[in-house]
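Observations on chain architecture
Each chain, written out:
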Amino acid sequence: MIILPAIGFAQFRKYSNEFLNIGAGARGLAMGNAQVASVSDATAGYWNPAGLVGVKDHPNLNLMHAEYFAGIAKYDYAALAIPINDNKRTIGVSVLRFAVDDIPNTLYLVEPDGSINYNNIKTFSSADWAFLLSFAQNVKVTENKRISFGANAKVIYRKVGSFATAWGFGLDAGIQMHGKRGHFGIVARDLTTTFNAWSFKFTEKEKEVLYLTNNEIPVKSTELTAPRVVIGGGYNFRLGKSVNLMAEANLDITFDGKRNTVFSSDPVSVDPHLGLEASIKEVFFVRGGITNFQKALADGDTTNQKKVWIYQPSVGAGFKIKNVMLDYAFTNLANQSNPLYTHIFSLRINLIKKEND
């Protein structure tokens, strides 16, 4: 009853809050974002909150920094998970920030007499923030099976210079099931539809420039992020006593219209994610993944008629030293023939207190 009246004054945006779909942690990014079924550290607050129950005995801290497009865009992520009630429940908090700094403001580039004055160019930043408060608990635990449930409450804050700000609120919920070797997970993101309420603020001089250049002067607007469901399954293959190979596949299902994905229809589209992780004695890890399958025009086709399938590959590695895990991911943001590579590092730490003698 509360949501329905607001829909009449808002619009669904197919790519609303897309910064929340980049990923979190170098492990997940190296595995092609296939994490819903297997994630079991503090990054579960992002991928699937039900996986937070995998954090046991000690708090787990995750930190990540990445830069895209030659440092133009910066992405920072931090998450903390704390087990409570004898490991039956876990609470977590996550913070994400995606920002582009030093954007030129050319509103006053042209003087009233028509001359161009580059000294009038100022810069501003555009930053997107997300704050996630997570809770997870075990529903059923037996010798061969574990079922857990988790949920997120998230707050979104977006700011574009001094011109615009937005606040958004949403909910996520997920389930994980672990057997001896197999895993299954499902998460519903933006479960109740996430609202972003934008407000705009311009000086009288800025309004005058916008009016004279035939630009609309916005006042307020609301955009809606439609729900999506991610389903995943994984399996562990033992390759000897010291080597384990874990494979996982996820299906990202959206309901906001036809997208450029493997399965595309109106309104449902499905985007697959595939990931592998080989571990040696649970100390050294090698990972790979494929995601973001799309049809695009062939680079060598001058007629712009031939389309080919492209995808986003990724590889990575991890190394564990006692309570510290260092992860690395190498991803391709574009396609195979015109790559835009990014190096990503993240740190995972189990915060174990030193016992007093």
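Calculation rules
- Residues numbered from 1 in each chain as written.
- Predicted model: local features only at pLDDT ≥ 70, side-chain atom pairs only at ≥ 80, totals over all residues.
- Heavy atoms only, no water.
- Buried < 20%, exposed > 50% of the residue type's maximum accessible area, 1.4 Å probe, protein only.
- Helix = DSSP H or I, 4+ residues; strand = E, 2+ residues; numbered from the N terminus.
- Arc of directions from axis to C-beta.
- Core = buried A, V, L, I, M, F, W, Y, C linked by side-chain atoms within 4.5 Å.
- Contact = heavy atoms within 4.5 Å.
- Salt bridge = Lys/Arg side-chain N within 4 Å of Asp/Glu carboxyl O.
- Phe/Tyr/Trp six-rings, centres within 6.5 Å; stacked < 30°, edge-to-face > 60°.
- Lys NZ or Arg CZ within 6 Å of the ring centre and 35° of its normal.
- pLDDT = per-residue confidence, 0-100.

1. Points about helix α4 (residues 204–212)
Taken residue by residue, α4 has E206, V209 and L210 as its buried positions. Looking down the long axis of α4, one finds its buried residues gathered within 100° of arc, a one-sided arrangement. More than 90 degrees from the buried face of α4, the exposed residues found are E204, K205, Y211 and L212. Where α4 ends, the next residue or the one after it, N214, has phi of about 60°, a positive value.

2. A word on the nonpolar core
By size, the foremost hydrophobic cluster in this structure holds 30 residues, and its most contacted members are Y68, Y75, Y77, L96 and I344. Among the elements of the structure, α2 (26–30), α3 (44–47), β2 (60–68), β3 (73–84), β4 (89–105) and β5 (122–141) are those that each provide at least two residues to this core. The element best represented in this core is β3, accounting for 5 residues. Other than its neighbours up to four places away in sequence, Y77 contacts A24, G25, A42, T43, Y46, N62, L63, M64, S94, V95 and L96.

3. A word on the pattern of salt bridges
In this structure the tally under the stated criterion is 13 salt bridges. Linking D252 and R228 is a salt bridge whose minimum nitrogen-to-oxygen distance equals 2.9 Å. One end of the pair, D252, is in strand β12 (residues 243–254); the other, R228, is in strand β11 (residues 228–238), with 24 residues separating them in the sequence. The class for R228 is buried, based on a relative accessible area of 9%. When salt bridges with common partners are traced through the structure, they connect R27, D41, E277, R287, D327 and R348 into a single cluster.

4. Some words on the environment of I103
Within the fold, I103 resides in strand β4. Take I103: its relative accessible area is 22%, and that puts it in the partly exposed class. C-alpha of I103 to C-alpha of A50: the two residues are 53 residues apart in sequence and 39 Å apart in space. Not counting residues within four places of it along the chain, the set of residues in contact with I103 comprises K122, T123, F124, S125 and S126.

5. Brief notes about the packing of aromatic side chains
The way to describe two aromatic rings as a pair is by their centre distance and the angle between their planes. All chains considered together, the criterion is met by 11 aromatic pairs. Arranged with centres 6.0 Å apart and planes meeting at 5°, the rings of W129 and F131 form a pair that is stacked. Their ring planes at 45° and their centres at 5.0 Å tell us that Y328 and F345 sit as a pair that is tilted. Placement of the pair is Y328 in strand β17 (residues 324–332) and F345 in strand β18 (residues 341–350), with a sequence separation of 17 residues. Judged by its relative accessible area of 24%, Y328 is partly exposed. Lying across the ring of Y46, R189 places its NZ or CZ 5.5 Å from the centre.

6. Remarks on the confidence of the model for the protein chain
Looking at the protein chain, the pLDDT average stands at 86 and 91% of residues meet or exceed 70. Here residues 1–9 is a poorly scored stretch, pLDDT under 50, and it has 5 contacts once near neighbours within four places are set aside; other chains count.

7. Focus: the environment of Q35
Summarising the element assignment, Q35 is placed in the loop between α2 and α3. Along the primary structure Q35 and F195 are separated by 160 residues, whereas in three dimensions their C-alpha atoms are 26 Å apart. Dropping the residues within four chain positions of it, Q35 is found in contact with R27, G28, W47, E248 and N250.

8. Some remarks on unusual backbone geometry
Going from D266 to P267, the amide bond is cis rather than trans, its omega being 15°. Mapped onto the secondary structure, P267 falls in the loop between β13 (263–264) and β14 (269–280). Phi at K281 is positive, roughly 55°, even though this residue is not glycine. Structurally, K281 is set in the loop between β14 and β15 (284–297).

9. Quick look at the side chain of T225
Here T225 shows up in strand β10 (residues 220–225). For T225, a relative accessible area of 7% corresponds to the buried category.

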